[in-house]
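Topology and contacts: notes
This is what each chain is made of:
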Amino acid sequence: MEPIDLDLRLSAPALQLGEPGPDAVQLERLLRSAVRVPDHGKLVPWRMLLVRGDARARLGEALASIHQRNDPQVAPAKIEKNRERFRHAPLVVVVVARIEDEHPKIPAQEQLLSAGCVAYNLLLGAQALGFRAQWLTGWAAYDRDVADLLGLAASERIIGFVHVGSAREAVPERVRPDLADVVSDWR
Ligand SMILES: Cc1cc2nc3c(=O)[nH]c(=O)nc-3n(C[C@H](O)[C@H](O)[C@H](O)COP(=O)(O)O)c2cc1C
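In this text, all values refer to a predicted model and were calculated from it rather than measured experimentally.

1. Some words on the packing of helix α2 (residues 54-70) against helix α3 (residues 76-85)
Across the interface, α2 lies against α3 with an axial gap of 7 Å and an inter-helix angle of 155 degrees. Looking at the two axes, α2 sits roughly antiparallel to α3. Between α2 and α3 the crossing geometry is right-handed. For the pair α2 and α3, the contacting residues are Gly 60, Glu 61, Leu 63, Ala 64, His 67 and Gln 68 in the first and Lys 78, Ile 79, Asn 82 and Arg 83 in the second. Taken together, the residues of the contact of α2 with α3 break down into 3 nonpolar, 4 polar and 3 charged.

2. Topic: the site of the ligand
Taken together, the residues surrounding the ligand are Arg 9, Leu 10, Ser 11, Gln 134, Trp 135, Leu 136, Thr 137, Gly 138, Arg 174 and Arg 176. A distance of 2.8 Å separates an oxygen atom of the ligand from a polar atom in the side chain of Gln 134. The contact in question runs from a nitrogen atom of the ligand to an N or O atom on the side chain of Thr 137, over 3.0 Å.

3. As for the nonpolar core
Leu 30, Val 95, Leu 122, Val 162 and Val 164 are the most contacted members of the largest nonpolar core, which has 23 residues in total. Breaking this core down by element, the ones donating at least two residues are α1 (24-34), β3 (91-98), α4 (108-128) and β5 (156-167). No other element matches the 6 residues that α4 contributes to this core. Among the nonpolar cores identified, the runner-up in size contains 16 residues, and Val 94, Val 96, Ala 140 and Leu 150 belong to it.

4. Some details on the environment of Gln 68
Looking at where Gln 68 falls in the secondary structure, it is placed in helix α2. It is 6.8 Å that separates the C-alpha atoms of Gln 68 and Ile 79, two residues lying 11 residues apart in sequence. If we skip the residues at most four places from it in the chain, Gln 68 touches Val 74 and Ile 79.

5. Notes on empty space enclosed by the protein
Evaluation of the coordinates by the stated rule reveals 1 cavity of 30 Å³ or more. Put simply, the largest cavity is a space of about 30 Å³. Lining the largest cavity, in full, are Arg 9, Leu 10, Ser 11, Leu 123, Gln 127, Arg 132 and Ala 133. For the lining of the largest cavity, the elements supplying multiple residues, two or more each, are α4 and β4 (132-136).

6. Regarding unusual backbone geometry
The step from Glu 19 to Pro 20 runs through a cis peptide bond, and the omega angle for that step is 0 degrees. Within the element layout of this structure, Pro 20 appears in the loop between β1 (17-18) and α1. With a phi close to 50 degrees, Lys 42 is a non-glycine residue in the positive phi region. When you line up the elements, Lys 42 lands in the loop between α1 and β2 (46-52). If you check the backbone angles, Val 44 has positive phi at about 50 degrees while not being a glycine.

About the criteria used
Residues numbered from 1 in each chain as written. Predicted model: local features only at pLDDT ≥ 70, side-chain atom pairs only at ≥ 80, totals over all residues. Heavy atoms only, no water. Axes fitted to C-alpha atoms, helices over the stretch in contact; angles between N-to-C directions. Helix = DSSP H or I, 4+ residues; strand = E, 2+ residues; numbered from the N terminus. Parallel < 35°, antiparallel > 145°, perpendicular 65-115°, else oblique. Left-handed = near helix turned anticlockwise from the far one by under 90°. Contact = heavy atoms within 4.5 Å. Nonpolar A, V, L, I, M, F, W, Y, C, P; charged D, E, K, R; others polar. Near = heavy atom within 4 Å. Polar contact = N/O pair within 3.5 Å; in protein donor to acceptor, adjacent residues only side chain to side chain. Core = buried A, V, L, I, M, F, W, Y, C linked by side-chain atoms within 4.5 Å. Buried < 20%, exposed > 50% of the residue type's maximum accessible area, 1.4 Å probe, protein only. 1 Å grid on protein atoms, 1.4 Å probe; cavity = no way out; pocket = protein on both sides within 12 Å on 5 of 7 lines; lining within 4 Å. Points joined across faces, edges and corners; volume = space filled by probe spheres on them.

From the geometry alone we can't say anything about function, so treat these as descriptive.
Structure below.
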């Protein structure tokens with residue numbers, strides 16, 4: 001795995017991702033690097049679900065059904081979007097936070113942030129391996145029926161669907177914040 005130049009870190013729209021995805025060896029490296037995150041109290045407040053192969057289309061179908069059931073008036077184009085969502089990237093990693101809300105020492109916020117680092121590490125790792133990725137949520141990340149479909153416990157929540165694959169077209173850069181707007185000296 002080559003270290004990536006963080007100045008070049010860039011997401012690729014999931015719809016522009018395609019084959020190839022990581023092979024078995026690359027996937028192992030991707031996942032191993034993803035779990036090397038700061039974790040106050042070593043709680044491991046996260047886990048990952050891999051969605052690949054036929055499971056992607058099945059997940060898209062299931063999301064479409066749930067969406068239709070939740071909102072019978074929804075426009076057919078939106079339902080179709082659910083169906084299509086998982087057909088592009090060869091690998092989707094569902095990052096799940098396992099938050100212990102009442103932990104005596106480690107605030108829930110810190111556990112959630114550790115899970116966020118896993119998702120971000122997946123972005124970095126994917127790019128380091130020569131792939132591209134995007135972290136998406138959308139309604140499905142916040143829907144209890146989707147959580148049940150994925151087998152999440154009541155204490156678990158989806159923090160993102162990280163789509164990983166190869167970019168089929170040039171990835172557009174976007175404007176980044178001006179440092180002067182976000183950094184200041186405290187005196
Ligand atoms: C928690 C989280 C959820 C996101 N969910 C979406 C989403 O549902 N749809 C979307 O278009 N972008 C979403 N994004 C933004 C993209 O992941 C990505 O940041 C964006 O495409 C810009 O690319 P960049 O990572 O190169 O800045 C999300 C980002 C974060 C951190």
